[in-house]
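Commentary on secondary and tertiary structure
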Amino acid sequence: QQQVKQSPQSLIVQKGGISIINCAYENTAFDYFPWYQQFPGKGPALLIAIRPDVSEKKEGRFTISFNKSAKQFSLHIMDSQPGDSATYFCAALGGTALIFGKGTTLSVSS
Amino acid sequence: DAGITQSPRHKVTETGTPVTLRCHQTENHRYMYWYRQDPGHGLRLIHYSYGVKDTDKGEVSDGYSVSRSKTEDFLLTLESATSSQTSVYFCAISESAVTEAFFGQGTRLTVV
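Now for a description of the structure that goes with this document. (Residues numbered from 1 in each chain as written. Chains lettered and ligands numbered in written order. Predicted model: local features only at pLDDT ≥ 70, side-chain atom pairs only at ≥ 80, totals over all residues. Heavy atoms only, no water.)

Comments concerning the state of the cysteines
- Within this structure, the stated rule accounts for two disulfides over all chains.
- Linked covalently through their sulfurs, Cys23(A) and Cys90(A) form a disulfide whose S-S length is 1.8 Å. One quick way to see it: the torsion about the S-S bond of Cys23(A) and Cys90(A) is about -90 degrees, and its sign makes the bridge left-handed. With a gap of 67 residues between them, Cys23(A) in strand β3 (residues 19-25) and Cys90(A) in strand β9 (residues 86-94) connect regions that are remote in the sequence. Of the two residues, Cys23(A) and Cys90(A), neither departs from the other in class, the shared state being buried.
- Put simply, Cys23(B) and Cys91(B) are joined by a disulfide, and their sulfur atoms are 1.9 Å apart. Disulfide Cys23(B)-Cys91(B): the torsion about the S-S bond is -70 degrees, which places it as left-handed. Of this pair, Cys23(B) sits in strand β3 (residues 19-25) while Cys91(B) sits in strand β9 (residues 87-94); the two residues are 68 residues apart in sequence, bridging distant segments of the chain.
- Since its relative accessible area comes to 0%, Cys91(B) is described here as buried. (Disulfide = S-S within 2.5 Å. Helix = DSSP H or I, 4+ residues; strand = E, 2+ residues; numbered from the N terminus. Buried < 20%, exposed > 50% of the residue type's maximum accessible area, 1.4 Å probe, protein only.)

Now the structure itself:
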């Protein structure tokens, strides 16, 4: 049973546009929601994370929006750049280990 | 990569043979994890450790065992490799159960 559902599976955005990736979770006990960025041949790297006591967190061009009542959270990438082309994973901390979504492959065209 | 070294980085092995992957950390983090990454499945937890000799199963633990005899090393063993275990394996470490996890570079394993 998939506990973190991520969409879309792939995304193509024009340079300068906004990329939006969505995730939904089921377990209300989750209390930490990170986003990871992965480039080909590399391990996932933490991009930004949020805890459920806030509704939004912004770091540079990256913003997490969190809706606790809907059990949803999303990643917004403003002014998307070709260097942002990568696979993005949302995750939720359940107990002692992260549970990941299936990933979104983002391509930013120049 | 947060002081995490996975070895080997690539391995090809035959069906039925045992295989051991190693994760070594220099951060003295308490928690260590093994994930596998497959297209369309994201990252799935195999096993994790919350201290020396303290381990527990994850979502996809069948066919795998782990050991942690020292804080810095976490070994993943495929007891009898099968083609379904062809995957990219990632080790991750975390200082506590509620902080971010840092990932290694991965090991690409092919079982033929």
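A look at the pairing of strand β5 (residues 45-50) of chain A
Residues and elements named next belong to chain A.
- With five bridges joining them, strand β4 (residues 33-38) and β5 adopt antiparallel strand pairing. Each bridged residue has a counterpart across the sheet, and for Tyr36 the counterpart in β5 is Leu46.
- Between β4 and β5, which pair antiparallel and follow one another directly, the connecting turn spans six residues, one of which, Gly41, has a positive phi of 80 degrees. (Pairing = 2+ DSSP bridges.)

Considerations on the sheet that holds strand β7 (residues 62-67) of chain A
Residue and element names in this part refer to chain A.
- With antiparallel pairing, five strands are arranged side by side in an open sheet as β1-β3-β8-β7-β6. A strand with exactly one partner marks an edge of an open sheet, and here the two such strands are β1 (4-7) and β6 (56-59). Strand-to-strand twist of the sheet, defined as the mean angle between neighbouring strand axes without regard to direction, takes the value 15 degrees.
- The pairing of β3 with strand β8 (residues 72-77) spans six bridges and is antiparallel. Within β8, the residue paired with Ile20 across the bridge is His76. (Axes fitted to C-alpha atoms, helices over the stretch in contact; angles between N-to-C directions.)

Some details on the pairing of β6(A)
Residue and element names in this part refer to chain A.
- Note: β6 against β7, four bridges, orientation antiparallel. Across the sheet, Lys57 pairs through a bridge with Ile64, a residue of β7.
- Counted along the chain from β6 to the antiparallel partner β7, the turn is two residues long, and its residue Gly60 has a positive phi close to 65 degrees.

Some remarks on the packing of aromatic side chains
- Under the criterion given, the structure shown has 21 aromatic pairs over all chains.
- Between Phe89(A) and Phe100(A) the ring centres are 6.3 Å apart and the planes differ by 90 degrees, which places this aromatic pair in the edge-to-face class. Highlighted residues: Phe89(A) in strand β9 and Phe100(A) in strand β10 (residues 97-100), separated in sequence by 11 residues.
- According to the relative accessible area criterion, Phe89(A) is buried, its value standing at 2%.
- Pairing Phe100(A) with Phe103(B) gives two aromatic rings, centres 5.9 Å apart and planes at 75 degrees, and the pair type is edge-to-face. Taken together, the residues Phe100(A) in strand β10 and Phe103(B) in strand β10 (residues 101-103) connect one chain to another. Each of the two residues, Phe100(A) as well as Phe103(B), counts as buried.
- These aromatic residues form a ring-pair network of at least three members: Tyr36(A), Phe89(A), Phe100(A), Tyr31(B), Tyr33(B), Tyr35(B), Tyr48(B), Tyr50(B), Phe90(B) and Phe103(B). (Phe/Tyr/Trp six-rings, centres within 6.5 Å; stacked < 30°, edge-to-face > 60°.)

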